[in-house]
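Breakdown of the fold
Given next are the chains, with one letter for each unit.
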Amino acid sequence: AWSPFDEQWSLMFDQLLDFKEEHGHCRVPVSFPELGTWVKNIRHRKQELSEDRKQQLEAMGFVWSPLDEQWDAWIDQLVAFKEEHGHCRVPVSLPGLGKWVDTQRV
């Protein structure tokens, strides 16, 4: 049976696909009109989604927790730094990673 919720899902999912095609990722900022709010709500209501909808999102590379993804990226950079330098004493002056490591030390 037709449902307005299904139509809304299809519309927003298509907008998310378009966003991903244009930006190369599914991390829509909350400030992005309408789509950002929808993505935020989807993340908060993950448990309420059907498995089919979760799989649709995951198949396109949807990120459920952007903070976890960002943390993992920093850890990967730190591991690479350690492999290259033999330690994790990243200088604060190193752009990006240096500031992140310094913040973690606090």
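That block above? That's the structure.
Residues numbered from 1 in each chain as written. Predicted model: local features only at pLDDT ≥ 70, side-chain atom pairs only at ≥ 80, totals over all residues. Heavy atoms only, no water.

1. A closer look at the environment of Glu34
Note the threshold: In DSSP terms, a helix is any run of H or I states spanning at least four residues, a strand is any run of E spanning at least two, and both are numbered starting from the N terminus. By the convention used here, residues are in contact when the closest approach between their heavy atoms is within 4.5 Å.
With respect to the helices, strands and loops of the structure, Glu34 is situated in the loop between helix H1 (4-23) and helix H2 (35-44). On a C-alpha basis, the gap between Glu34 and Leu49 in space is 19 Å, while along the polypeptide they are 15 residues apart. Every residue in contact with Glu34, bar those within four places of it in the chain, is listed here: Gln8 and Met12.

2. Digging into a negative patch on the surface
Rule in force here: Nonpolar side chains (Val, Leu, Ile, Met, Phe, Trp, Tyr) are joined into patches within 5 Å and like charges within 9 Å, using only residues with over 30% relative accessible area and no salt bridge. Each accessible area is a Shrake-Rupley estimate made with a 1.4 Å probe; only the visible protein chains count as cover when residues are assessed. A pair is scored as a salt bridge if a Lys or Arg side-chain nitrogen falls within 4 Å of a carboxyl oxygen belonging to Asp or Glu. Residues scored as charged are limited to Lys and Arg (positive) and Asp and Glu (negative), so that His and the chain ends carry no count. To locate a charge, the coordinates of NZ of Lys, CZ of Arg, CG of Asp or CD of Glu are taken.
Together, Asp14, Asp18, Glu21 and Glu22 give the surface a local cluster of negative charge. Relative to the helices and strands, Glu22 resides in helix H1.

3. So, the packing of aromatic side chains
Formally: Stacked, tilted and edge-to-face are the three classes assigned to paired rings of Phe, Tyr and Trp, where Trp is represented by its six-membered ring and a pair needs centres within 6.5 Å; plane angles under 30 degrees give stacked, over 60 edge-to-face, the rest tilted. Only protein chains enter the accessibility calculation, which uses a 1.4 Å probe; a residue is then buried when its area is under 20% of its type maximum, exposed when over 50%, and partly exposed in between.
A full pass over the atoms with the stated rule returns six aromatic pairs. With centroids separated by 5.2 Å and ring planes inclined at 85°, the aromatic side chains of Phe19 and Phe32 adopt a geometry described as edge-to-face. Remark: Phe32 occurs in the loop between H1 and H2 and Phe19 occurs in helix H1; sequence separation between them is 13 residues. Assessed through its relative accessible area of 33%, Phe32 is described here as partly exposed. The interplanar angle of 75° and the centroid separation of 4.8 Å between the aromatic rings of Phe62 and Trp64 together place this pair among those described as edge-to-face. Exposure remark for Phe62: the relative accessible area of 6% places this residue in the buried category. Through a chain of ring-to-ring contacts, the aromatic side chains of Trp9, Phe13 and Trp38 assemble into a single cluster.

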